[in-house]
Amino acid sequence: MLLPKLKIHLKTIIGEPSIYFVWEDEHNEKLFSYLEEHLNDVTIETPEVQATIKEALREHFESLGSVLFKISSTQLRMKLLPYKIEPKDSVNLDPLINIIEENSDLIEYDSNEKKDLICMGKDLTLKLTHFASHITNEEINKKELLKHAIREALELEKSDIVIIKKEQIFIKLFDMSNYREVSESEKNTIAERYNGISEEHLISFYKNFFIKDENKYFFYEVAEQFVNVYLLEKKIDNITYEKYVFSFIQAIIIEHLENLFDNNPEFFKGFSGYVFRVHFKEVFGYIANMILSEVSVSNKYMIDFLKYYSLNVLVIDGQKYKVPEIEAENGMKWTVSSMMSIVKIYMKTDESLEAILGQKEDLQDSISDLYIDGLSPMEYNNIITKEMNQLSQEITSLAKKLNLDIDSLDSSKNEQYKESLKNSIQDIRSEMQLKREKHAKLLSKMVGKDDLLLYNNTKKEIDALTRQEKREEMILKQNEEAFISITNSLIKALTSKMILLDK
């Protein structure tokens, strides 16, 4: 999950992308400090980590240009190369349009029996994305070029939404007649929240395109960006928070939606209002947890931010206001001091448990390499040992029979019988040789002492971590009820505003 977190952190330290941006020492310090805190067991020199950093920078500046990138263990250097060609002026525009027109049979209109939905099939999507990704003759935003080609080929309206997925491209036709201006009388109502778009259209888009599996981190990222930018970086006060928190969060949601889908401010302003309402508690649940996490490490700003909710009454410009409280369902009022010990224990234990589970997963991955046909080295060796013991017994039995035949051969005077014994002796010796060879082959398959030792030591580590996991789970369980009460009470406070008291 480093990529989404890093994208948010870059937005925090860089701000909105600009062609005039210059990466300086202060950006290096903030980035490397963040990486050292979040990389755990890997280093900045790891190819996967460097690829993630490059991808985060690429995505941040994707709308403006391409990024030249160089990183060492102590320094990152980057340069933004602005796009030189607009999609409408691209020499690759007509070839892309031709691909669409030549494969019109792969375009499904009224997709899923919806008159406002067009779908480009997998084969056509792959042809288009393959062509766009291999453009090298001009510096251009390939994603926007592809969208522009689709708009031109299908003669789409500006308001129509082009959604590029891995295997399909969808076009949601947005009829402007479904959009109406919000009147003054509808301010602070559902109509304003949805920007004058009918809920029916928003629900349809939500069900068809806002797929849960693809967007499982969407609201976590929204919450994290809000906390990082407005609380940790800008350190807004409680009055500013209460006044603007919902509009700040909705603006972040709109930004994420337009990055995810397409540029249609009118529609996504309305859609952001809808998804924010549907996922309201989820968003503030993440925010509350992030605030409590900062409190658990004694972040002074966050502690002061929460102390506001214990003021009871606040006087501003001579007027008295009732301040929201962090109050539980049973009427208990939480203060910073009463929350602190529980939050610290719970958060520390939760982080410890997450680290334990990560270590266990790594060890289980490494120990799985020692398994053979689904069997542990011990189980595998036991099965081979049984087979070898069985062969040893059979060889011993054959040896006894061989000795008897040899004795009989020496003492027999009957030539015909002696010939029969010779044949039997030869057969027994051949069978014994085959069993010895099989025994030797099985012996060569036995797991060696080094791997057995590695398995046993790793198993001991896993068992020790499992015991530690159970202890941490017990501590979490002991504090869970109180922590949930704090979290739910904080969510309620964070979504409330001060109330003007009668004079």
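What counts, and where the lines are drawn
Residues numbered from 1 in each chain as written. Predicted model: local features only at pLDDT ≥ 70, side-chain atom pairs only at ≥ 80, totals over all residues. Heavy atoms only, no water. Salt bridge = Lys/Arg side-chain N within 4 Å of Asp/Glu carboxyl O. Helix = DSSP H or I, 4+ residues; strand = E, 2+ residues; numbered from the N terminus. Buried < 20%, exposed > 50% of the residue type's maximum accessible area, 1.4 Å probe, protein only. Pairing = 2+ DSSP bridges. Contact = heavy atoms within 4.5 Å. Axes fitted to C-alpha atoms, helices over the stretch in contact; angles between N-to-C directions. Polar contact = N/O pair within 3.5 Å; in protein donor to acceptor, adjacent residues only side chain to side chain. Phe/Tyr/Trp six-rings, centres within 6.5 Å; stacked < 30°, edge-to-face > 60°. Patch = residues over 30% accessible without salt bridge, like charges linked within 9 Å, V, L, I, M, F, W, Y side chains within 5 Å. Areas by Shrake-Rupley, 256 points an atom, 1.4 Å probe, with all protein chains shown as cover. Lys, Arg positive; Asp, Glu negative; His and termini not counted. Core = buried A, V, L, I, M, F, W, Y, C linked by side-chain atoms within 4.5 Å.

Another point: the pattern of salt bridges. If you walk through the whole model with that rule in mind, you get 17 salt bridges. One salt bridge in this structure joins E167 and K122, with 3.8 Å as the shortest N-O distance. Taken as a pair, E167 in the loop between β5 (161–164) and β6 (169–172) and K122 in helix α5 (residues 122–133) lie far apart in primary sequence, 45 residues in all. Residue classification places K122 among the partly exposed residues on the basis of a relative accessible area of 44%. The partner of E469 in a salt bridge is K360, with the nearest N and O atoms 2.8 Å apart. Of this pair, E469 sits in helix α17 (residues 449–494) while K360 sits in helix α14 (residues 336–368), and the two are 109 residues apart along the sequence. Judged by relative accessible area, which is 12%, E469 ranks as buried.

Spatially, the 3 strands line up as an open sheet ordered β7-β8-β9, and their pairing is antiparallel. Both outer strands of the open sheet, β7 (313–316) and β9 (499–500), are each paired with one neighbouring strand and no more. Taken together, the 2 bridges between strand β8 (residues 319–322) and β9 define a ladder with antiparallel strand orientation. Within the sheet, the bridge partner assigned to Y321 lies in β9 and is L500.

This brings us to the sheet that holds β5. Reading across the sheet, the 4 strands line up as β3-β4-β6-β5 and stay open at both edges, with antiparallel pairing between neighbours. Across the chains shown, the open sheet's two edge strands, defined by having one partner strand only, are β3 (107–108) and β5. Sheet topology note: the β3/strand β4 (residues 117–120) ladder contains 2 bridges and is antiparallel. Within β4, the residue paired with I107 across the bridge is M120. Together, β3, β4 and β6 form the strand contacts of α5, whose direction differs from that of β4 by roughly 70 degrees.

Let us now look at the side chain of R151. Secondary-structure assignment places R151 in helix α6 (residues 142–154). Taking relative accessible area as the criterion, R151 reaches 17% and is therefore assigned buried. Of note is the side chain of R151, whose polar atom sits 3.1 Å from the backbone oxygen of E157. Residues within four places of R151 in sequence aside, it is in contact with L156, E157, K158, D160, I161, V162 and D262.

Turning our attention to the packing of aromatic side chains. Per the stated rule, a full pass over the model turns up 37 aromatic pairs. Relative to F261, the ring of F205 lies with its centre 5.2 Å away and its plane at 75 degrees, an arrangement referred to as edge-to-face. With F205 in helix α8 (residues 199–209) and F261 in the loop between α10 (238–260) and α11 (265–278), the pair connects residues that are 56 residues apart, well separated along the chain. In this pair, the class of F205 matches that of F261, namely buried. Centroid distance F210 to F271: 6.1 Å. Interplanar angle 70 degrees. Geometry classified as edge-to-face. Of this pair, F210 sits in the loop between α8 and α9 (218–233) while F271 sits in helix α11, and the two are 61 residues apart along the sequence. F210 gets classed as buried once you look at its relative accessible area, which sits at 6%. A connected cluster of aromatic rings, assembled from ring pairs, spans F170, F205, Y206, F209, F210, F218, F219, F261, F267, F268, F271 and Y274.

Time to look at a nonpolar patch on the surface. Together, V313, V315 and L501 make up an exposed nonpolar region whose accessible area comes to about 210 Å². Considering the arrangement of structural elements, one finds V313 in strand β7. Overall, V313 belongs to the partly exposed group, its relative accessible area being 35%.

In this section: the side chain of D405. When you line up the elements, D405 lands in helix α15 (residues 377–411). Despite its burial, D405 pairs with no opposite charge, the nearest such side chain being K401 at 5.7 Å. Leaving out residues up to four positions away in the same chain, D405 has contacts with L421, S424, I425 and I428.

The subject of this paragraph is the nonpolar core. The biggest cluster of nonpolar side chains holds 73 residues, and the ones touching the most others in it are F226, I249, F271, I287 and L494. Not counting chain neighbours up to four residues away, the residues in contact with F271 comprise L202, F205, Y206, F210 and L257.

What follows covers unusual backbone geometry. Non-glycine residue K235 carries a positive phi angle of around 50 degrees. Position of K235 among the secondary structure elements: in the loop between α9 and α10. We note that S298 has phi near 60 degrees; this positive angle belongs to a residue other than glycine. On the secondary structure map, S298 appears in the loop between α12 (280–296) and α13 (300–307).

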